[in-house]
Amino acid sequence: PEIPVPAASAKTPWYKKVVSVLKLLVTNPRVILLGPAQCSFGFCVELMGLYVAVEVAKCSGDFGVDVMPYIPWMVTSIPALAAILQVPSGLLVKSLGNKAVVTMMCLGQAAFIAMGAICVFVSRDTLASWGVSIIVIFILQGIGRAAYEGANRATYANMFKKEDSSAAFASMTLFGGVASTIAYATFQNFLVPESTNTSTCIYAGKDVPNYDGVVMGWICLITGIVGIVFYILALIVDAKCKPKDEDDNSSQMPEACVEDGSRE
């Protein structure tokens, strides 16, 4: 199936859009179940921007190769890789259908989980000593972003009927945006306590803040796991709410499926 982008009406007042999103959140459990996957993307973006691409990169010169000159290229590789991966992803979707969408979605969540795990179990100084090899984390982010922009949208397009698509896609942006905002406001306050801070590094004559990558990593790791579990639950709910064949009508569907605005 194609990955459509809903055509939101420019004449629709913003407050009506908000109401439609809130209504869908309350009446359709699939919206809530898909939420954690959107949140994992938002949290991982801030993990990359604050911890990996800044703190770890600035400390790299103290442990070997200074990767700061390469960071702009590494950051650019994230959207570039996400765009490149859309080509084989699209071909797989055309040949395998929804199975390819599910596989890519799970692969994207696995990439976010791996990013969190690396930051949890590998210390900042060790990561800094990786030098240009930290591009591995950027590649994981690129894989996750590819799934978020491709398979994720395809999932929403498949699960929600046309008249609910605008609200459904808006809820996707809502979950990701809220997670990004929370991460931006809180991650910079996660610092390693001075009593346990045994390592410092200097960049451009200034001490580099020792952000607690372990806490940030755990947040990404946990939301990634919850995201993939809830995504599978959303698939199960969606399968139960759809007619078994084209001859079925809404009266043969579970009552909750008819009320929550599933496709008929």
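Residues numbered from 1 in each chain as written. Predicted model: local features only at pLDDT ≥ 70, side-chain atom pairs only at ≥ 80, totals over all residues. Heavy atoms only, no water.

(A) Quick peek at the overall build of the chain. Within the chain one finds ten helices and two strands. Along the chain, from the amino end to the carboxyl end, the secondary structure elements read α-α-α-α-α-α-α-α-β-β-α-α. The contacts of the chain with a sequence gap of at least 6 include a subset with a gap of at least 24, amounting to 79%. Surface exposure of the chain reaches about 13,600 Å², of which carbon and sulfur atoms provide 66%. (Helix = DSSP H or I, 4+ residues; strand = E, 2+ residues; numbered from the N terminus. Contact = heavy atoms within 4.5 Å. Areas by Shrake-Rupley, 256 points an atom, 1.4 Å probe, with all protein chains shown as cover.)

(B) Inspection of a nonpolar patch on the surface at higher detail. Taken together, the side chains of Phe121, Val214, Trp218, Ile222 and Val226 present a nonpolar region at the surface, about 460 Å² in accessible area. Broken down by element, the nonpolar patch gets its largest block of residues, four residues, from helix H9 (residues 213-241). As for its position among the elements, phenylalanine 121 is in helix H4 (residues 98-121). Here phenylalanine 121 falls in the exposed class, since its relative accessible area comes to 61%. (Patch = residues over 30% accessible without salt bridge, like charges linked within 9 Å, V, L, I, M, F, W, Y side chains within 5 Å. Salt bridge = Lys/Arg side-chain N within 4 Å of Asp/Glu carboxyl O. Buried < 20%, exposed > 50% of the residue type's maximum accessible area, 1.4 Å probe, protein only.)

(C) Inspection of the packing of aromatic side chains at higher detail. Counting across every chain of the model gives seven aromatic pairs. On the basis of an interplanar angle of 70° and a centroid distance of 6.1 Å, the ring pair of phenylalanine 121 and tryptophan 218 is categorised as edge-to-face. Pair noted here: phenylalanine 121 is in helix H4 and tryptophan 218 is in helix H9, with a separation of 97 residues, a long-range link. Taking the centre distance of 5.8 Å and the plane angle of 40° together, the rings of phenylalanine 187 and phenylalanine 190 count as tilted. (Phe/Tyr/Trp six-rings, centres within 6.5 Å; stacked < 30°, edge-to-face > 60°.)

(D) Quick look at helix H6 (residues 135-149). Under the 1.5 Å per step criterion, the end-to-end length of H6 is 21 Å for 15 residues, consistent within 8% with the ideal 21 Å. Residues Ile137, Phe138, Leu140, Gln141, Gly142, Gly144, Ala146, Ala147 and Tyr148 constitute the buried set of H6. The secondary structure elements touched by the buried residues of H6 are helix H2 (29-59), helix H3 (71-96), H4, helix H5 (124-129), helix H7 (151-159) and helix H8 (162-186). (Expected span 1.5 Å × (residues − 1).)

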